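# Summary of structural features
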Amino acid sequence: MKFIEEPEQTGISVDFARDGFNTNNRQAVSAPEVISLPWIATQQCLLDTKDFLRQAKERGADLSPLLLRQLYKHRIIIPLVEVTDRRYYEPHDQEHGEPRANGRMLEFRAARSEGRLRDLGQIPFIPRLSFESSRPTNYSWWNGLLYSRYQLSIVAFLKPWLGKCRYSYRNERKYPRLPEPDDTLRTRANQLHRIGLMALALEARYLPILEAGQIRLTNTKIDEYLAFRRDFDPVKVSRQLQYSASNAHSDAECLLLLARTIDPTNGPWRELIKYATRESWKHLNGDLLSAMHLRETSEILLRFYEDLSERGETGPLPSIPTTTWHPLHDRLSSKQSTLDQQLMDVGLSPHPRVVLAVEGDSEEIMFPRVWNALGYSDAPELVRLLNLGGTDKNPVKVAGLAATPLVTRQGAAGDFVWMIKPPTCFMIVADPEGLYATKQKIDKLLNDIKVEIKSGLAAQGAQTTEPGLNELVKIHTWSAPCFEYEHFTDEELASAIATVHKTCNDWSKEELVTVLAYWRGKKKDIRRVWESGNQDEKFEKKRGRWEYCVSKTELTKALWPILEQKIKTAISTEDGHYPQIAQVAIDAHGAAQKWRHGSFVLEVID
């Protein structure tokens, strides 16, 4: 690109030393050279003064137009370019088509193609450059100044200096005046400005692919982007920008170090936020937002480095050490563990600590009510309910899926492995029938589930001890033939049945109590009352099946007030005896609380 020398402005006195302008340290590549590249600012629009001030405020710096002018005067934040009416370099048309644009970006592209962009970073401070309209109500006014989002990087480091601002009043208006910045701030501002130019040049190629497995595009179609990416030559761009792989690497690590110094998060929270989408960053503010954008810029530079490495221009990035911290640990794409593990580390894992597998509908209806009656919070990450659909349904596969630990790297001594998610206990509660009819059957089922868990661990290259397995699966059966007989007397059951069944087979309450007692004594499920009627020869009323069955769902609901009162009584009594279903809920809650917070390891054997 050929430049036309700008004529000296008359009537302007410039103190180069005061303004921090060093003619011997000009930018190697100017802003107009960078913005001449294809697809510049297509994925993130350039900002006018108003937008720049708004985004600076989101990062914790409440700047006014006059204060922004002071930052320009001291060469801390210099507008990227100024759109003007006169030509400063030869017209330049893009060889490649670019995505559609609107608003300020249309004016920017027109000025770029006609050579009407002025690089304010290459000339001294212009005192008469306006940063706000003289008429506040002139909403269409624009000073022609444009900034890139990367120029916001310095905002997080301005607070101590901005705190030294002094104000004077003229014509009932407050005018800010900043002292000379120290060498540290000036150097950092120059450094971030230079890095920002490089990131702007590389943004269109790498920003859309920063999130693994996704391409996020703005104002363009996927085939257009893929064509642009196919034509993008990182080696050619590196030479055009005079920006080597070594430059990109050192700048990227510098940004990661700066991000770490301002990031208010630490430990697992810093790792967890890497999993957030860039779209969700709009809900962040202050230094955390600044830190994330510094890491985003660093990731763009590192992707560029990796492209150069693939083409033989440099070696691969160094391996990240595992025992000491390295800047590349904070790289957005460097995730030291899985999302599940990070959520577990901060106590937010959505995986249940207990899966309470119940036999049927009655328990499924009762357990949530019992849980609330005991005063426990409704937290699905603690206990999750599963209806097995009967005692004849084999739970081995679902138990193995729920209870098998997911493990990752091995501990240093080799005697344990880290878990990716919290442990889950698969706790079965059932009537003593079917697969749970005898102790031998229960023991066999327990063993089958443990074998399934062992198989799942073996597939991950791990084995654990028997005590470890015992913590992962438990089976509880009622001591009575069914849930209803376990928790209610025959009189309580007879009253509840009478409320949900119209005829009760024409039996009186006393007769119904007798039949309930008969089937209880036979150790049969309560449904035999209406499915088989009375089989006692001494019973004078008609026998056999009722004309229609009692709804177990409605019966359970009718029985709830009785059970609720029993739980309340147990709570209010110091040595109260809890109903069995409440005791199971207490045990499940205790197991879940034990594994609610923290990181976990699994003891392994060779």
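Now for a quick tour of the structure. (Residues numbered from 1 in each chain as written. Predicted model: local features only at pLDDT ≥ 70, side-chain atom pairs only at ≥ 80, totals over all residues. Heavy atoms only, no water.)

## So, the nonpolar core
What tends to happen in soluble globular proteins is that the nonpolar side chains get buried as a cluster. In terms of nonpolar packing, the biggest core is built from 93 residues, with Leu71 and Leu241 touching the most fellow members. Ranked by the residues each element gives to this core, the list is headed by helix H7 (residues 183-206), at 12 residues. Not counting residues up to four positions away in its chain, the partners in contact with Leu71 are Leu63, Ile76, Ile77, Leu158, Trp161, Leu162 and Leu178. (Core = buried A, V, L, I, M, F, W, Y, C linked by side-chain atoms within 4.5 Å. Buried < 20%, exposed > 50% of the residue type's maximum accessible area, 1.4 Å probe, protein only. Helix = DSSP H or I, 4+ residues; strand = E, 2+ residues; numbered from the N terminus. Contact = heavy atoms within 4.5 Å.)

## As for the packing of aromatic side chains
Tallying each qualifying case throughout the model produces 17 aromatic pairs. Residues Phe52 and Tyr147 carry aromatic rings whose centres are separated by 4.3 Å and whose planes lie at 25 degrees to one another, so their mutual orientation is stacked. Taken as a pair, Phe52 in helix H3 (residues 49-58) and Tyr147 in the loop between strand S3 (145-146) and helix H6 (159-162) lie far apart in primary sequence, 95 residues in all. There is no split in this pair, since Phe52 and Tyr147 are both buried. A ring pair is formed by Tyr72 and Phe131, whose centres lie 5.8 Å apart and whose planes are at 40 degrees; its orientation type is tilted. Placement of Tyr72 in helix H4 (residues 65-73) and of Phe131 in the loop between strand S2 (117-118) and S3 is noted, with a sequence separation of 59 residues between them. The rings of Trp39, Tyr206, Tyr225, Phe228, Phe232, Tyr243 and Phe304 are connected pair by pair, giving a single aromatic cluster. Geometry around Phe157 places Arg188 over its ring, the cationic atom sitting 4.7 Å from the centre. (Phe/Tyr/Trp six-rings, centres within 6.5 Å; stacked < 30°, edge-to-face > 60°. Lys NZ or Arg CZ within 6 Å of the ring centre and 35° of its normal.)

## Focus: H7
Compared with the 34 Å implied by 1.5 Å per residue over 24 residues, the 33 Å span of H7 between its first and last C-alpha is a close match. For H7, the capping residue at the N-terminal end is Asp182, with a side-chain oxygen 3.2 Å from the backbone nitrogen of Thr184. (Expected span 1.5 Å × (residues − 1). Polar contact = N/O pair within 3.5 Å; in protein donor to acceptor, adjacent residues only side chain to side chain.)

## Let's talk about a nonpolar patch on the surface
A contiguous nonpolar patch, built from Ile215, Ile222 and Leu226 and spanning about 220 Å² of accessible area, is present on the exposed surface. Along the polypeptide, Ile222 turns up in helix H8 (residues 222-231). A relative accessible area of 42% places Ile222 in the partly exposed class. (Patch = residues over 30% accessible without salt bridge, like charges linked within 9 Å, V, L, I, M, F, W, Y side chains within 5 Å. Areas by Shrake-Rupley, 256 points an atom, 1.4 Å probe, with all protein chains shown as cover. Salt bridge = Lys/Arg side-chain N within 4 Å of Asp/Glu carboxyl O.)

## Things to note about the sheet that holds strand S10 (residues 425-430)
One open sheet holds the 4 strands; their spatial order is S7-S6-S10-S11, and the pairing between them is parallel. If you trace the sheet from one side to the other, it starts and ends with strand S7 (383-387) and strand S11 (473-477), each paired once. Sheet twist, expressed as the mean angle between neighbouring strand axes with direction ignored, is 20 degrees. Pairing of strand S6 (residues 354-358) with S7 involves 5 bridges; the strand directions are parallel. Following the sheet pairing, Leu356 is matched in S7 by Leu385. Sheet strands touched by helix H15 (residues 396-403): S6, S7 and S10. Its angle to S10, the strand with the most contacts, is close to 145 degrees. (Pairing = 2+ DSSP bridges. Axes fitted to C-alpha atoms, helices over the stretch in contact; angles between N-to-C directions.)

## A few points about the side chain of Thr42
Among the structural elements, Thr42 can be located in the loop between helix H2 (31-35) and H3. The class for Thr42 is buried, based on a relative accessible area of 4%. Within the structure, Thr42 has its side chain in polar contact with the side chain of Gln43 (distance 3.4 Å). Apart from residues no more than four positions distant in its own chain, Thr42 is found in contact with Pro99, Arg109, Ala204 and Thr218.

## Overview of the sheet that holds strand S1 (residues 81-83)
The strand order S2-S1-S3 describes an open sheet built from 3 strands, whose pairing is antiparallel. Of all the strands in the sheet, just S2 and S3 have a single pairing partner and so form its edges. Examined bridge by bridge, S1 and S2 share 2 bridges and lie antiparallel to one another. Within S2, the residue paired with Val83 across the bridge is Leu117.

## Some details on the pattern of salt bridges
For the structure shown, the criterion picks out 36 salt bridges. A salt bridge links Asp51 to Arg54, with the shortest nitrogen-to-oxygen separation between them at 3.7 Å. Pair noted here: Asp51 and Arg54 are both in helix H3, with a separation of 3 residues, about one helical turn. Where Glu98 meets Arg109, a salt bridge forms, and the shortest distance between an N and an O atom there is 3.6 Å. One end of the pair, Glu98, is in the loop between S1 and helix H5 (104-114); the other, Arg109, is in helix H5, with 11 residues separating them in the sequence.

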